[in-house]
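The residues making up each chain are set out below.
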Amino acid sequence: WRHGCRFENDHSLSSCSQSPYPAFGPYKDSASATQETPSSLRIDPVWQYEVNPKGIAGFKPVEPYGIATTQSGVAAIAAFSGKVHGLDARSGEWLWSIDLEESPGSAPTTYYDLIYVGVSDGRLVALHAKDGSEAWSTTLDHIIHGQPTVHDGVLYVMTSEEALVALDAQDR
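Structural notes, computed from the coordinates. Keep in mind that what you see is a predicted model, and the values were worked out from it rather than measured.

1. Quick notes on the packing of aromatic side chains
Under the criterion given, the structure shown has two aromatic pairs. Consider the rings of Y111 and Y112, whose centres lie 4.6 Å apart with planes at 80°: the pair is edge-to-face. Each ring, one from Y116 and one from W136, has its centre 6.1 Å from the other, and the planes form 50°; the classification is tilted. You can see Y116 sitting in strand 8 (residues 114–118) and its partner W136 sitting in strand 10 (residues 134–139), a full 20 residues away along the chain.

2. A look at unusual backbone geometry
Positive phi, close to 55°, is recorded for Y112, a residue that is not glycine. On the secondary structure map, Y112 appears in the loop between strand 7 (109–111) and strand 8. Unlike most non-glycine residues, D152 shows phi in positive territory, near 50°. Looking at where D152 falls in the secondary structure, it is placed in the loop between strand 11 (149–151) and strand 12 (154–158). In this structure D152 comes out as exposed when scored by relative accessible area, which is 69%.

3. Points about the sheet that holds strand 12
Read from one edge to the other, the open sheet built from three strands follows the order 11-12-13, with strand pairing classed as antiparallel. Two strands in the sheet have a free side with no partner beyond their single neighbour: strand 11 and strand 13 (164–168). Each neighbouring strand pair of the sheet contributes to a mean axis angle of 30°, computed without reference to strand direction. Judged from the five bridges that link them, strand 12 and strand 13 form a sheet pairing that is antiparallel. Counted as the bridge partner of M158 is L164 from strand 13.

What counts, and where the lines are drawn
Residues numbered from 1 in each chain as written. Predicted model: local features only at pLDDT ≥ 70, side-chain atom pairs only at ≥ 80, totals over all residues. Heavy atoms only, no water. Phe/Tyr/Trp six-rings, centres within 6.5 Å; stacked < 30°, edge-to-face > 60°. Helix = DSSP H or I, 4+ residues; strand = E, 2+ residues; numbered from the N terminus. Buried < 20%, exposed > 50% of the residue type's maximum accessible area, 1.4 Å probe, protein only. Pairing = 2+ DSSP bridges. Axes fitted to C-alpha atoms, helices over the stretch in contact; angles between N-to-C directions.

Set out below in structure tokens:
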């Protein structure tokens, strides 16, 4: 039993006396079932941050390019303007911003307290989450295409020429 619900050995829901999610109303097994669905749920934001309030050259492109969070609770936002913003993930408080001077070629990814961003000029940049300072940077032969990923300390990056590049995720 969890949250007033009974689960079978295969973890499927057997019955509920009341919903663990009050906005959805009682489950169908309950005596007073309703027709409420997840689409009727209203979720209010905890916080909001305007990435590029003024736009670029008079128009507002789609911002941000991507977001990732670190273990220490920093939300890193890579924007098409070339800026990377660091925010406190819990409160939304602005911590830092840096300018890559080119638009990102990928959404950011994180490993411990490093933030990795592929840049459209072929650079792969690692930033310290605490202040946005550069930990290291390297230039690959081609533009980074798609979000990098990390597994067991190895950073994997796909380039625009469909080459998979593996790098040490910690330092260069």
